[in-house]
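Residue-level listing of the chains:
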Amino acid sequence: LRQYELSETEWKIAEQLQHALRDATLFFSRDTPNLATVIPAMEHMSNMLDGCIRDEVKYEEPIRIALSLAKRTLTKYYNLTDAADTYRIAMVLHPRYKTAYFKQLNWTRAYIESTRKLVRAEYD
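Keep in mind the model is a prediction, meaning the values are calculated, not measured.

### Looking at the nonpolar core
One finds Cys 52, Leu 67, Met 91, Tyr 101 and Phe 102 to be the most contacted residues of the largest nonpolar core, which totals 25 residues. Secondary-structure elements contributing two or more residues to this core are α1 (8–29), α2 (38–54), α3 (61–80), α4 (85–93), α5 (100–104) and α6 (109–123). No other element matches α2, which puts 6 residues into this core. Excluding residues that lie within four positions of it along the chain, Cys 52 makes contacts with Ala 20, Tyr 59, Arg 64 and Leu 67.

This is the structure we're talking about:
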């Protein structure tokens, strides 16, 4: 069984990976997921991944490369939320977010206004 034992370097990489993924795991484990939390969750994960990818002291190169690939996949799915109106509608109707969330992230006025129009068209 010794042949399957992790080396010191492999243990270090495994610990770094565990640390990098811990925040995302805890974030998704704390609440019951709903449609209105998808965009904020993706935004949170994106920021967390960016920080880990830039941290050359804390994370070895293989971990930063893996996190970059995870970020690319996250971005792909984040961009797909624009194609589904339900995400924006759910956020505007959610009492915690409304359009303030979009403003807080400095999304364009045009995007926020198009979201308002989208909600009005759906429910007027």
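Having seen it, we continue.
### Some remarks on the pattern of salt bridges
This structure, assessed with the given rule, holds 6 salt bridges. Among the salt bridges present, the one from Lys 12 reaches Glu 60, with a minimum N-O distance of 3.1 Å. With a gap of 48 residues between them, Lys 12 in helix α1 and Glu 60 in the loop between α2 and α3 connect regions that are remote in the sequence. Judged by relative accessible area, which is 42%, Lys 12 ranks as partly exposed. A salt bridge links Arg 88 to Asp 85, with the shortest nitrogen-to-oxygen separation between them at 3.9 Å. Pair noted here: Arg 88 and Asp 85 are both in helix α4, with a separation of 3 residues, about one helical turn. Residue classification places Asp 85 among the partly exposed residues on the basis of a relative accessible area of 34%. A network of salt bridges, in which partner residues are shared, links Glu 113, Arg 116 and Arg 120.

Parameters and conventions
- Here the residue index of a chain counts from 1 through its sequence in written order.
- The predicted origin of the model limits local features to residues at a pLDDT of at least 70 and limits the giving and counting of side-chain atom pairs to 80 or more, whereas totals for whole chains, interfaces and linings rest on all residues.
- The side-chain values count all of the structure's non-hydrogen atoms but skip hydrogen atoms and water molecules.
- For the purposes of this section, nonpolar cores are sets of buried Ala, Val, Leu, Ile, Met, Phe, Trp, Tyr and Cys residues that join through side-chain atoms within 4.5 Å.
- Working definition: with a 1.4 Å probe on protein chains only, accessible area under 20% of the residue-type maximum means buried, over 50% means exposed, and in between means partly exposed.
- Helix and strand definitions here come from DSSP, where helices need a minimum of 4 consecutive H or I residues and strands a minimum of 2 consecutive E residues; each element is numbered from the N-terminal end.
- Every residue pair with non-hydrogen atoms within 4.5 Å of one another is taken to be in contact.
- Within this document, salt bridges are pairs made up of a side-chain nitrogen of Lys or Arg and a carboxyl oxygen of Asp or Glu, the two lying within 4 Å of each other.

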